[in-house]
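# Inside the fold
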Amino acid sequence: MAGPLPLRLLPDSASVTDGRASIGGVDLVDLAAEYGTPLFVYDEAQLRSRCRDAVAAFPGGVSYATKAFLCTAMARLAHEEGMLLDVATEGELFVALNAGVPADRCIFHGNNKSMAELRYALAEGVRHIMVDSFDEFDRLDMLHTELGLVADVLIRITPGVEAHTHEFISTGQDDSKFGFTVSTGLAHQAIERAHASPACRLVGIHAHIGSQVFSIDAFEQAVAVIADFANQYEVEELSVGGGLGVAYVASEEAPTFASWGASVQKACADAGVTALITAEPGRSIVAAAGVTLYEVGTIKTLEGIRTYVAVDGGMSDNPRPVLYGSGYETFLPRAADAPRELEVRVVGKHCESGDLLVREGWVPDDIVIGDILATPVTGAYGHTMASNYNKVTRPAVVFVSDGESRLVVRRESLDDLVRNDIVD
Ligand code: LLP
């Protein structure tokens, strides 16, 4: 038996009236009826306020890590709210530019950028290239010869520390595909290479120390190690990456942008860093602003074992439970404040047993076929990691605010599924 869903897991503008949940003044069951399911619903005001919080927390500049959730509307929103955009592929860069975000508001990441990607980024004039390997330096040199352009670069270092959990883990993290390892001297060599290359101007140093980090202490300690490295060089900017955690389930509590920003900047100041401190949050901007709506299609009760509730989506719209064992809450938007007496496993419609969305979910025991079932805190790494597995069409996305909804990504059609097929 679980109590009602804690309302703090719903977006800021959520309210419950006569049991029915609304976001941005729009009833969730009505939204499902209007746009169909599965459906990603975002509280637009919350997206905007999280961007503003991040901008306030990092006066040196802050990028939105678009891998967390990207579409034209989101790119515009983050840009309008003063964030830079962190893109990690030519595809993410294309979406940002196509949305009207100026190239000099985009920073370009990636551990294996192709010549074509680097050429595109340089020709468009991205703000910074985050260099990840010596092979990338070679490519930048070749492109300098070809285009005559000089890239403003940050060097991505692997500091040998990661802040994944409350434990400060200081061993083993050098074993990474990303960046230049500090302990082996590669990071130092990368700095020398950047200084020597006519293709680059060294702007700064970057490190991403982990994702879904809850402990401010762990951030502080990890940042101190990065700061020690950065202090050996004259750099304008020190980027501490992203990684601020979010609460997905009732038992979790996450730090705010303000406390993250303050502690990171204090750790840098304590270490004597005078460079601009920048950051790249993704998940913490978008995760809690989004909920996913599904329709319940089958309910199977195995007496003494468990109840399976199958919905019309699954690992194709949220692969995180399968990939990372991530936990989510569930609720019925028609009875959002009701006690949740029934333990269920929420599964999808894909042809494999592992296709689950919520391993241990709780719902009111009057759940019936046709109910709309929602999973909160699904705004990050759901839509962006969605697939067409089993040839399902990827869901639509709506933004809601002030009693209005607007479709920002239409649901894929069956025709979309064969759009690229070639018929002889
Ligand atoms: N900067 C860099 C260089 C990154 O690699 C990442 C995330 C971020 C910023 C943003 O991190 P965030 O603030 O979102 O934690 N698919 C996984 C998360 C992968 C994160 C990869 N890098 C998930 O669903 O949990």
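Each chain has its residues counted from 1, following the order in which its sequence is written. Totals for whole chains, interfaces and linings use every residue, but because this is a predicted model, local features are given only for residues with pLDDT of at least 70 and side-chain atom pairs only at 80 or more, for both listing and counting. Hydrogens and water are ignored here; the side-chain numbers use all heavy atoms of the structure.

### Comments concerning the overall build of the protein chain
- Under the DSSP-based scheme used, a helix requires at least four consecutive residues in state H or I and a strand at least two consecutive residues in state E, with every element numbered from the N terminus. Helices and strands together make up the secondary structure of the protein chain, namely 12 helices and 20 strands.
- Within these notes, the globule rule equals 2.2 Å times the number of residues to the 0.38 power, and the radius of gyration is based on C-alpha atoms. Relative to the compact-globule value of 22 Å for 424 residues, the protein chain shows a C-alpha radius of gyration of 23 Å, a close match.
- Its C-alpha atoms put the protein chain at 70 × 60 × 40 Å along the principal axes.
- Expressed as a percentage of the 424 residues in the protein chain, the buried residues total 55%.
- Contacts are assigned to residue pairs with any non-hydrogen atoms lying within 4.5 Å of each other. In the protein chain, the share of contacts with a sequence separation of at least 24, taken over all contacts with a separation of at least 6, comes to 69%.
- Counting rule applied: Lys, Arg positive; Asp, Glu negative; His and chain ends not counted. The atom standing in for a charge is NZ when the residue is Lys, CZ when it is Arg, CG when it is Asp and CD when it is Glu. In the protein chain, 32 positive and 59 negative side-chain charges are present, and the distance between their average locations comes to 3 Å. Between buried and exposed lies partly exposed: a residue is buried under 20% and exposed over 50% of the maximum accessible area for its type, with that area taken using a 1.4 Å probe on protein chains only.

### What to know about the site of the ligand
- Lining the immediate surroundings of the ligand are 18 residues, of which Ser211, Glu280, Arg283, Arg320 and Tyr381 lie closest.
- Whenever a nitrogen or oxygen atom comes within 3.5 Å of another N or O atom, the pair is scored as a polar contact, on the condition that within protein one atom can donate a hydrogen and the other can accept it, and that pairs from neighbouring residues in sequence are kept only if both atoms are in side chains. Between the ligand and the protein, one listed contact pairs an oxygen atom with a backbone N or O atom of glycine 282 at 2.9 Å.
- Looking at side-chain class alone, the shell around the ligand contains 5 nonpolar, 7 polar and 6 charged residues.
- Built from parts of two domains, the shell around the ligand gets at least three residues from each of domain 1 (7-43 + 287-412) and domain 2 (44-284). A single heavy atom is enough: if one lies within 4 Å of a molecule or strand, its residue is considered near that molecule or strand. Residues are grouped as follows: Ala, Val, Leu, Ile, Met, Phe, Trp, Tyr, Cys and Pro are nonpolar; Asp, Glu, Lys and Arg are charged; all remaining types, including Gly, are polar. What counts as a domain boundary in this text is fixed by an automatic or database domain assignment.

### Some details on helix α1 (residues 28-35)
- When we look at burial in α1, the residues that qualify are Leu28, Leu31, Ala32 and Tyr35. Considered in projection along α1, the buried side chains sweep an arc of 100° and stay on one side of the axis. Summarising the geometry of α1, the exposed residues directed more than 90 degrees from the buried face are Ala33 and Glu34.
- Taking the backbone nitrogen of valine 29 as reference, a side-chain oxygen 3.0 Å away marks aspartate 27 as the first, capping residue of α1. What the arc describes is the spread of directions from the helix axis to the C-beta atoms.

### Things to note about helix α2 (residues 44-57)
- To estimate the expected span of a helix, count its residues, drop one, and scale the result by 1.5 Å. Between its first and last C-alpha, α2 extends 20 Å over 14 residues, near the 20 Å set by a 1.5 Å rise per residue.
- Residues of α2 that are buried sit in contact with β4 (39-43), α3 (72-80), α9 (257-270), α10 (283-286), β19 (396-401) and β20 (404-409).
- Sitting at the amino-terminal end of α2 is aspartate 43, which places a side-chain oxygen 3.1 Å from the backbone nitrogen of alanine 45.

### Observations concerning the domain arrangement of the protein chain
- Structurally, the protein chain comprises domain 1 (7-43 + 287-412) and domain 2 (44-284).
- Look at where the C-alpha atoms of domain 1 and domain 2 centre, and you get two points 32 Å apart.
- With 26 residues of domain 1 in contact, the opposing surface of domain 2 contributes 23 residues.
- Here domain 1 meets domain 2 over a buried area of about 2,100 Å², counting both sides, of which 54% is carbon and sulfur.
- Two parts placed together each lose some accessible area; with a 1.4 Å probe, that loss summed over both constitutes the buried area. Of all residues in domain 1, Arg8, Tyr381 and Phe399 bury the most surface against domain 2, accounting for 26% of the area lost on that side.
- We define a salt bridge as a side-chain nitrogen of Lys or Arg found within 4 Å of a carboxyl oxygen belonging to Asp or Glu. Counting every contact that joins domain 1 to domain 2 gives 2 salt bridges.

### Quick word on the side chain of glutamate 280
- The topology assignment puts glutamate 280 in the loop between β13 (276-278) and α10.
- We note that glutamate 280 is buried and unpaired, the nearest opposite charge coming from lysine 67 at a distance of 5.9 Å.
- Within the structure, the side chain of glutamate 280 is placed 2.7 Å from the side chain of histidine 109, a separation counted as a polar contact.
- A distance of 3.1 Å separates polar atoms of two side chains, one belonging to glutamate 280 and the other to histidine 206.

### Considering the packing of helix α5 (residues 115-124) against helix α6 (residues 134-147)
- Geometry is summarised by axes, namely lines fitted to C-alpha atoms with helices restricted to the contacting stretch, and by angles between N-to-C directions that run from 0 to 180 degrees. Direction vectors running N to C along α5 and α6 enclose 55°, while the axes themselves pass 10 Å from each other. Comparing the axis directions of α5 and α6 gives the class oblique. In this structure, the crossing between α5 and α6 has a hand that is right-handed. Counted together, Met115, Leu118, Arg119 and Leu122 of α5 and Glu136, Arg139, Leu140, Met142, Leu143, Glu146 and Leu147 of α6 form the full contact between these two elements.
- A per-class count over the contact of α5 with α6 returns 7 nonpolar, no polar and 4 charged. Angle categories are assigned with fixed cut-offs, so that under 35 degrees is roughly parallel, over 145 is roughly antiparallel, 65 to 115 is roughly perpendicular, and the rest are oblique. Left-handed describes a crossing in which the near helix is turned anticlockwise from the far one by less than a right angle; the clockwise case is right-handed.

### Here we look at the packing of α6 against helix α7 (residues 186-196)
- Viewed as axis vectors pointing N to C, α6 and α7 meet at an angle of 10°, and their least axial separation amounts to 11 Å. By the criterion of interaxial angle, the relationship of α6 to α7 is roughly parallel. Residue-level contacts link Phe134, Phe137, Asp138 and Asp141 of α6 to Leu186, Gln189, Ala190, Arg193 and Ala194 of α7.
- Of the residues contributing to the contact of α6 with α7, the split by class is 5 nonpolar, 1 polar and 3 charged.

### Re the packing of aromatic side chains
- Aromatic pairs are defined between Phe, Tyr and Trp rings, using the six-membered ring for Trp, whenever the two ring centres lie within 6.5 Å; interplanar angles under 30 degrees are classed as stacked, those over 60 as edge-to-face, and all others as tilted. Inspection of the entire model under this criterion finds 11 aromatic pairs.
- A ring pair is formed by tyrosine 42 and phenylalanine 69, whose centres lie 4.3 Å apart and whose planes are at 15°; its orientation type is stacked. Residue tyrosine 42 is located in strand β4, and its partner phenylalanine 69 is located in the loop between β5 (63-65) and α3; the two are separated by 27 residues in the primary sequence.
- Using a relative accessible area of 0% as the deciding quantity, one classes tyrosine 42 as buried.
- Centre to centre, the rings of phenylalanine 134 and phenylalanine 180 are 4.9 Å apart; their planes meet at 70°, and the pair counts as edge-to-face. One end of the pair, phenylalanine 134, is in helix α6; the other, phenylalanine 180, is in strand β10 (residues 180-181), with 46 residues separating them in the sequence.
- Phenylalanine 134 gets classed as partly exposed once you look at its relative accessible area, which sits at 26%.

### Considerations on the confidence of the model for the protein chain
- Here the protein chain averages 95 in pLDDT, and 98% of its residues register 70 or above.
- Across residues 166-172, confidence stays below pLDDT 50; counting only partners more than four residues off in sequence or on other chains, it has 11 contacts. A score from 0 to 100, pLDDT tells how confident the predictor is in each residue.

### Comments concerning the pattern of salt bridges
- Applying the stated criterion across every chain yields a total of 21 salt bridges.
- With a closest N to O distance of 2.7 Å, glutamate 146 and arginine 119 form a salt bridge. Linking glutamate 146 in helix α6 with arginine 119 in helix α5, this pair joins segments that are 27 residues apart in sequence.
- By relative accessible area, which is 43% here, glutamate 146 ends up partly exposed.
- Of the residues examined, arginine 119 reaches a relative accessible area of 31% and is grouped as partly exposed.
- Note that arginine 410 and aspartate 416 form a salt bridge whose closest N and O atoms lie 2.9 Å from each other.
- Residue classification places arginine 410 among the partly exposed positions, given a relative accessible area of 48%.

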